[in-house]
Amino acid sequence: NKFMKNFIIIFLLFSYTLNLFSAEEALKPEQYNFSFSKPLGKINKNSAQRGLQVFIEVCASCHGLKHVAYRSLEELGYNKDQVNSIAAQFQIDDLPNEEGEILKRKAIYSDYFVEPYKNLNEAKTANNGAYPPDLSLMVKARKDGANYVRSLLLGYTDPPTGFDVGEGYYNKYMAGNVIAMPQPLYGDDIEFLDGTTATLEQEVNDLVSFLTWTSMPDLENRRAAGVKVIFFLLIMTFLFYISYRKIWSELKS
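Bear in mind the structure is a predicted one, so any value in this text is a computation, not a measurement.

(A) How the structure looks around helix α7 (residues 200–215). In this model α7 runs 22 Å from its N-terminal to its C-terminal C-alpha over 16 residues, within 8% of the 22 Å that 1.5 Å per residue would give. With 13 of 16 residues buried, α7 is to be regarded as a mostly interior element.

Structure, rendered in structure tokens:
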């Protein structure tokens, strides 16, 4: 019995090791020149608006944005009426009525983005046991977040011969090359309101711009503040240098 137990343990460890070596190493994210990639770059609001459309029409059926309020969309150039129109596409639980019954109502300006599932178990049941992560902070949560998300969404390909993905899907940028999420975008999935051609890369780039904004809505303000601080420090350094020269010149004389 002891021999068989040790044999089984060794066999399982050996099988696990083989699986590790059989999986191809995930590729590093492809570097893309987004409008916000440079130190003083800004998020392209037109692109982010299209990304919002991609999220609502494709991603929102599985993923949430629980940290983002609809009113925040004004920062992307929408007015209050437009924000209310966007929010009204979603239903949210209302306060209990006189009978204690909770009815649904349309979301409004002051609400946060409506979650696609009532709870964690419902989300897992609808997705074969996998929980679709919230996307509010996805770009900030991942190393090289914007490029990582972009590469991942463009990284779906057919698996190599003999590679078993099980119930998942092959993705060359995913650790282990297997991802539970089926390919969400293919190009021509939606019709952009501004007339932009909805190629796969266009949809992905716009979605990444939007998710960068949800993760870092204060990005432009922080960069502007950083420039002011650097400018202030340069001026102070120059003034200190002038004071230093003046003081030491008087001492020498």
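Structure shown, so let's carry the discussion forward.
(B) Structural context of the environment of Ser35. Along the chain, the position of Ser35 falls in the loop between α1 (2–22) and α2 (45–57). A relative accessible area of 36% places Ser35 in the partly exposed class. For the pair Ser35 and Lys45, spaced ten residues apart in sequence, the C-alpha to C-alpha distance is 9.9 Å. Among residues more than four places away in sequence, those in contact with Ser35 are Gly41, Lys42, Ile43 and Asn44. A polar contact is formed between the side chain of Ser35 and the backbone oxygen of Lys42, at a distance of 2.7 Å. Here the side chain of Ser35 touches Asn44 through a polar contact of 3.1 Å, landing on its backbone nitrogen.

(C) Structural detail: the packing of aromatic side chains. Overall, the coordinates contain eight aromatic pairs when judged by the stated rule. Among the aromatic residues, those joined into a cluster by ring pairs are Phe55, Tyr70, Phe90, Phe113, Phe210 and Trp213. Between Lys80 and the ring centre of Tyr109, over which it is positioned, the NZ or CZ distance is 4.9 Å.

(D) Representation of the side chain of Ser215 in the model. As for its placement among the helices and strands, Ser215 is situated in helix α7. Here Val139 takes part through its backbone nitrogen, which lies 3.3 Å from a polar atom of the side chain of Ser215. Contacts of Ser215, omitting those with residues within four sequence positions, involve Ser136, Leu137, Met138, Val139 and Lys140.

(E) Quick look at unusual backbone geometry. Phi is positive for Asn128, close to 55°, though the residue is something other than glycine. Mapped onto the elements, Asn128 comes out in the loop between α4 (120–126) and α5 (138–141). Even without being glycine, Asp188 reaches a positive phi, approximately 60°.

(F) Summary view of the nonpolar core. Counting 47 residues, the largest nonpolar core has Phe55, Tyr70, Leu73 and Phe210 as the members making the most contacts within it. Of all elements in the fold, only α2, α3 (80–87), α5, α6 (145–154) and α7 reach the threshold of two or more residues within this core. Ranked by residues supplied to this core, first place goes to α7 with six residues. The residues contacting Phe210, other than those within four sequence positions of it, are Ala48, Gly51, Leu52, Phe55, Leu65, Leu73 and Leu76.

(G) Inspection of the layout of surface pockets at higher detail. Taken as a whole, the largest pocket holds about 750 Å³ of empty space. Together, 28 residues line the largest pocket, and His63, Pro132, Pro133, Ile179 and Met181 are the ones closest to its centre. Every element with two or more residues in the lining of the largest pocket is listed here: α6 and α7. Top contributing element to the lining of the largest pocket by residue count: α6, with four residues.

(H) Region of the structure containing the packing of α2 against α7. Where α2 contacts α7, the two axes come as close as 7 Å, and the packing angle between them is 100°. Of the possible angle classes, the one that applies to α2 and α7 is roughly perpendicular. Contact with α2, carried on its side by Ser47, Ala48, Arg50, Gly51, Leu52, Val54 and Phe55, involves Gln202, Glu203, Asn205, Asp206, Leu207, Ser209 and Phe210 of α7 and no other residues of that element. Taken together, the residues of the contact of α2 with α7 break down into six nonpolar, five polar and three charged.

(I) Spatial organisation of the packing of α6 against α7. Viewed as axis vectors pointing N to C, α6 and α7 meet at an angle of 150°, and their least axial separation amounts to 10 Å. Put simply, α6 runs roughly antiparallel to α7. Classified by chirality, the crossing of α7 by α6 is right-handed. Where α6 abuts α7, its residues Ala146, Val149, Arg150, Leu153 and Leu154 lie against Leu200, Glu201, Val204, Asn205, Leu207, Val208, Leu211 and Thr212.

Parameters at a glance
- Residues numbered from 1 in each chain as written.
- Predicted model: local features only at pLDDT ≥ 70, side-chain atom pairs only at ≥ 80, totals over all residues.
- Heavy atoms only, no water.
- Helix = DSSP H or I, 4+ residues; strand = E, 2+ residues; numbered from the N terminus.
- Expected span 1.5 Å × (residues − 1).
- Buried < 20%, exposed > 50% of the residue type's maximum accessible area, 1.4 Å probe, protein only.
- Contact = heavy atoms within 4.5 Å.
- Polar contact = N/O pair within 3.5 Å; in protein donor to acceptor, adjacent residues only side chain to side chain.
- Phe/Tyr/Trp six-rings, centres within 6.5 Å; stacked < 30°, edge-to-face > 60°.
- Lys NZ or Arg CZ within 6 Å of the ring centre and 35° of its normal.
- Core = buried A, V, L, I, M, F, W, Y, C linked by side-chain atoms within 4.5 Å.
- 1 Å grid on protein atoms, 1.4 Å probe; cavity = no way out; pocket = protein on both sides within 12 Å on 5 of 7 lines; lining within 4 Å.
- Points joined across faces, edges and corners; volume = space filled by probe spheres on them.
- Axes fitted to C-alpha atoms, helices over the stretch in contact; angles between N-to-C directions.
- Parallel < 35°, antiparallel > 145°, perpendicular 65-115°, else oblique.
- Nonpolar A, V, L, I, M, F, W, Y, C, P; charged D, E, K, R; others polar.
- Left-handed = near helix turned anticlockwise from the far one by under 90°.

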